[in-house]
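# Geometric and topological summary
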Amino acid sequence: MPLVGVNGVELFYEVGGSGDPLVLVHGSWSDHGGWAPVLHALALRFRVLVYDRRGHSLSERPPGQGSRFEDEEDLAALIETLGFAPAFVAGNSFGASTALGLAARRPELFRGLIAHEPPLMGIVADTPELSPLMAAAGERIESVLARLRADQPLSGAHQFVEEVALGPGAWDQLPEQLRETFVINAPTFLDEQTDPEWANLDLARLSRYTGPTLLTKGTESPPWFATITARLSSALPQAQTHTFEGAGHIPHVSHPDAYAERVTSFVEGSKGPE
């Protein structure tokens, strides 16, 4: 089992394919296996790195309160240690927040950035029309966290998928392995939510990142993700935006062909002259 020590933790990783370096950063609850529906297609074109973020699945679960900053530092260390710098980096959900946070601080590590629906609620907290919706979502998340504190990972994961992230009926539509992974990694979601900075990002600092950027969202996702994407687009005027029709928060799982094609097109279009 390939492990690499970075920032005091052992992280599981896998590398496949050849070509331009592409790093995939998974979101909360998930792990490297969540990228399986698109991995083959992407590895045909790129040298792809997938890994389990700290506290997830095969990677080490350090004690004590964690932070997204630690995830950002882990990503930086992986890119450098495994010879991927500079890389195209694609993140989903919390993984997108991680990639964006690192790009704001370490732009030299990126050849390009792809971010799907980072849950950066803090950057749209001043949007009046979203306040009732986000307040209701916050109550549902708190209910999920109460289940996790009560050591009920299965019911907490089920509630998160159905009431927060994907919508009614979505739990049964997920691959069995992904459902099992959500339950295993439920405690780390509780840890992430306890980080006071999990939903925030310094947009002024991010605006100094000038590399190629693709910001994506799905038509079936909660409305605040579109607003978050628009706010990020204003901070990154060079960014392309793309909407996955009929998709929600995890298009690489629900619409893998469309996701792989869009990422491939973006990377190929961002490359300079050979």
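Model, not experiment: these values are computed from the prediction.

Cut-offs used in this document
Residues numbered from 1 in each chain as written. Predicted model: local features only at pLDDT ≥ 70, side-chain atom pairs only at ≥ 80, totals over all residues. Heavy atoms only, no water. Patch = residues over 30% accessible without salt bridge, like charges linked within 9 Å, V, L, I, M, F, W, Y side chains within 5 Å. Areas by Shrake-Rupley, 256 points an atom, 1.4 Å probe, with all protein chains shown as cover. Salt bridge = Lys/Arg side-chain N within 4 Å of Asp/Glu carboxyl O. Helix = DSSP H or I, 4+ residues; strand = E, 2+ residues; numbered from the N terminus. Buried < 20%, exposed > 50% of the residue type's maximum accessible area, 1.4 Å probe, protein only. Pairing = 2+ DSSP bridges. Axes fitted to C-alpha atoms, helices over the stretch in contact; angles between N-to-C directions. Contact = heavy atoms within 4.5 Å. Right-handed = clockwise from strand over helix to strand, strands pointing away.

So, about a nonpolar patch on the surface. Taken together, the side chains of M1, L3 and L58 make up a nonpolar region of the molecular surface, amounting to roughly 300 Å² of accessible area. Residue position: M1 is located in the segment before β1 (3–6). M1 sits in the exposed class, given a relative accessible area of 64%.

Further remarks concern the sheet that holds strand β3 (residues 20–25). Strand order in the open sheet formed by eight strands is β1-β2-β4-β3-β5-β6-β7-β8, and the pairing between neighbours is mixed. On the outer flanks of this sheet lie β1 and β8 (240–244), each paired with one strand and no other. Pairwise comparison of adjacent strand axes, ignoring direction, gives a mean angle of 25° for this sheet. When β3 meets strand β4 (residues 46–51), the two strands line up parallel, connected through five bridges. Bridge pairing links L22 to V48 in β4. The sheet contacts of helix α2 (residues 68–81) involve β1, β2 (9–16), β3, β4 and β5 (87–92), and relative to β1 the element is tilted by about 120°. Most of the contacts of helix α12 (residues 256–270) go to β8, to which it runs at about 165°, and overall it touches β3, β4, β5, β6 (110–116), β7 (213–218) and β8.

Okay, the environment of T219 next. Following the sequence through the fold, T219 ends up in the loop between β7 and α10 (224–235). Remark: the alpha-carbon pair of T219 and G246, spanning 27 residues in sequence, is separated by 5.7 Å.

Here the focus is the pairing of β5. Within β5, six of the six residues are buried, which leaves it mostly tucked inside the rest of the structure. Here β5 shows no split at all, with A87, V89 and G91 on one side and F88, A90 and N92 on the other all buried. Two elements, β3 and β5, share four bridges in a ladder whose sense is parallel. Bridged to L22 within β5 is F88. Pairing between β5 and β6: six bridges, direction parallel. If you follow A90 over to β6, its bridge partner there is I114. Read as a crossover between parallel neighbours, the route from β5 over helix α3 (residues 94–105) to β6 is right-handed.

Following A85, the chain continues into P86 via a peptide bond in cis, with omega recorded as -15°. Checked against the element boundaries, P86 lands in the loop between α2 and β5. Non-glycine residue N7 carries a positive phi angle of around 50°. Here N7 lies in the loop between β1 and β2. For E117, which is not glycine, the phi dihedral falls at a positive 50°. Locating E117 in the fold gives a position in the loop between β6 and α4 (131–149). With relative accessibility at 0%, the residue E117 sits in the buried group.

Don't take any of this as a statement about function, it's just geometry.
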